[in-house]
Amino acid sequence: MKAIWTGAIGFGLVNIPIKIFSATQSSSLDLDMLDRKDHANIKYKRVNEDTDKEVSWDNIVKGYLLKDKYVILEDADFEEAMPEKNKMINLQTFVKLQEIDSIYFDTPYYLEPQKSGEKAYQLLLQALEKSKMAGLGTFVMRSVENLAIIKPYKNILLLNKLRFEEEIRDTEELKTPSSKISKQEMDMALQLIKMNSKEFDISAFKNEYSKELMKIINQKSKGKRATIRKINVENTKATDLLEKLKASLA
């Protein structure tokens, strides 16, 4: 794995030098886009809107449109905005994980201590384990400020980026259901949940779609035509709800 950020965790007056690594990888198939006519690979080019000429990465800068004119930002400008957050994840407070709604959780990352910070890293890890708390703070990565939670995970520290409150859309624009539920319907729904309840086991779930898609790819590579299975989803009407619950429990 290659580190994507290098800096430190601020724990009181203790600075713990760490490296950040991506904790996830895609399990989807890597599909290329091709021209239907000759199966040539489709490539993206960075093209100047005015000249239609391709622009190299070295000549690309970032700009913000302000009053019909672009203000160009250089690397130094991003660091100058909040230099301490470009190099430091300052743990401002400690919270209980169960107090954070799952809607706020975003991307997970592994944290690895640098040589000079191994003991301080171990101290923070064990302190979080014993207190059953997680550290909450902010830092800047790739020119973006991130809210983050740091918690113990399999004998290492795991950083989870969190969404800011302003990034969560309001639910008021959605239609809220107002149907009346009978006691019998509720009792059966609770019974159905109880009957199918078990301890959470992530290993029981696999990316089955990618496997099935790979089977089709192998069939087509041998000149075979894939069988198309048509699925018609029949939505349950309110009048049929009790009958469907009974059938589910049978």
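Trainee: Explanation requested: the side chain of E185 in the structure shown.
Mentor: In this structure, E185 sits in helix α4 (residues 183-195). Although E185 is buried, it forms no salt bridge, and the closest oppositely charged side chain is K246 at an N-O distance of 9.9 Å. Residue contacts for E185: discarding those within four places in its chain leaves K180, L241, L242 and L245.

Trainee: Looking at this structure, how should I read the pairing of strand β9 (residues 156-162)?
Mentor: Along any regular strand, the residues point their side chains to alternate faces of the sheet. The element β9 is largely enclosed, with a buried count of 6 among its 7 residues. Bridging between strand β6 (residues 105-113) and β9 involves 5 bridges; their strand directions are antiparallel. Residue pairing across strands places Y109 opposite L159, the latter belonging to β9. As defined by bridge partners, strand β8 (residues 144-153) adjoins β9 across 7 bridges and the pair is classed as antiparallel. Paired with P152 across the strands is L157, a residue of β9. Once β8 ends, the chain turns through 2 residues before running back antiparallel as β9, passing K154 with a positive phi of about 50°.

The rules behind each value
- Residues numbered from 1 in each chain as written.
- Predicted model: local features only at pLDDT ≥ 70, side-chain atom pairs only at ≥ 80, totals over all residues.
- Heavy atoms only, no water.
- Helix = DSSP H or I, 4+ residues; strand = E, 2+ residues; numbered from the N terminus.
- Buried < 20%, exposed > 50% of the residue type's maximum accessible area, 1.4 Å probe, protein only.
- Lys, Arg positive; Asp, Glu negative; His and termini not counted.
- Salt bridge = Lys/Arg side-chain N within 4 Å of Asp/Glu carboxyl O.
- Contact = heavy atoms within 4.5 Å.
- Pairing = 2+ DSSP bridges.

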